[in-house]
Amino acid sequence: AIVQNCFGNDGRQCRTGLQVVGKDDNGHDRVQQFDAPPDINGIEEFCSDPNYRKYCDRGQIRALYIHDTDALGPAIARFYASKLWGGETYFLQM
């Protein structure tokens, strides 16, 4: 399991849903799954900022949302991202 952004038992929320809670008898990390909130929609946040709204209004920001159960892997994700290309010299895929 990948454990990121988890800070032990100091009261901070674990953002990935897994938190290291101790060690097992073999010295390996013991993890516990917690309910983690959904990720913040960065596009909505970006487009709501008055300094950057113009890029969204011009259609320069395009996104495709896919439910995690419909995800087919990184190769298909790159294919879908390439379909959002609008002839720009450069594009950023995240």
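What this report covers is the structure whose coordinates are included nearby. This one's a predicted model, so the numbers in the text were calculated from it and none came from an experiment.

### Concerning the overall build of the protein
Working step 1: Counting secondary structure elements, the protein contains 3 helices and 2 strands.
Working step 2: Per-residue burial over the protein gives 7% buried out of 94 residues.
Working step 3: For the protein, contacts bridging at least 24 residues in sequence account for 7% of all contacts bridging at least 6.

### Remarks on the packing of aromatic side chains
Working step 1: Enumeration according to the criterion identifies 2 aromatic pairs in this entry.
Working step 2: Taking 4.8 Å as the distance between ring centres and 15 degrees as the angle between the ring planes, the aromatic pair formed by F46 and Y52 counts as stacked.
Working step 3: F46 gets classed as partly exposed once you look at its relative accessible area, which sits at 30%.
Working step 4: Judged by its relative accessible area of 37%, Y52 falls in the partly exposed class.
Working step 5: Plain terms: the ring middles of F79 and Y80 are 5.9 Å apart, the flat faces sit at 50 degrees to each other, and that makes the pair tilted.
Working step 6: Overall, the relative accessible area of 42% leaves F79 in the partly exposed class.
Working step 7: Among the residues examined, Y80 registers a relative accessible area of 31% and is labelled partly exposed.

### Things to note about the pairing of strand 2 (residues 29–33)
Taken residue by residue, a regular strand's side chains alternate between the two faces of the sheet.
Working step 1: Sheet topology places strand 1 (residues 18–23) next to strand 2; 5 bridges connect them, and they run antiparallel. Bridged to L18 within strand 2 is Q33.
Working step 2: Between strand 1 and strand 2, which pair antiparallel and follow one another directly, the connecting turn spans 5 residues, one of which, G27, has a positive phi of 85 degrees.

### Describing the pattern of salt bridges
Working step 1: Counted by the stated rule, this structure contains 2 salt bridges.
Working step 2: Between D29 and K23 there is a salt bridge; the shortest N-O distance is 2.6 Å.
Working step 3: When its relative accessible area of 46% is taken as the criterion, D29 is described as partly exposed.
Working step 4: Look at K23 and you get exposed, because its relative accessible area is 52%.

Each value, and the rule that gives it
- Residues numbered from 1 in each chain as written.
- Predicted model: local features only at pLDDT ≥ 70, side-chain atom pairs only at ≥ 80, totals over all residues.
- Heavy atoms only, no water.
- Helix = DSSP H or I, 4+ residues; strand = E, 2+ residues; numbered from the N terminus.
- Buried < 20%, exposed > 50% of the residue type's maximum accessible area, 1.4 Å probe, protein only.
- Contact = heavy atoms within 4.5 Å.
- Phe/Tyr/Trp six-rings, centres within 6.5 Å; stacked < 30°, edge-to-face > 60°.
- Pairing = 2+ DSSP bridges.
- Salt bridge = Lys/Arg side-chain N within 4 Å of Asp/Glu carboxyl O.

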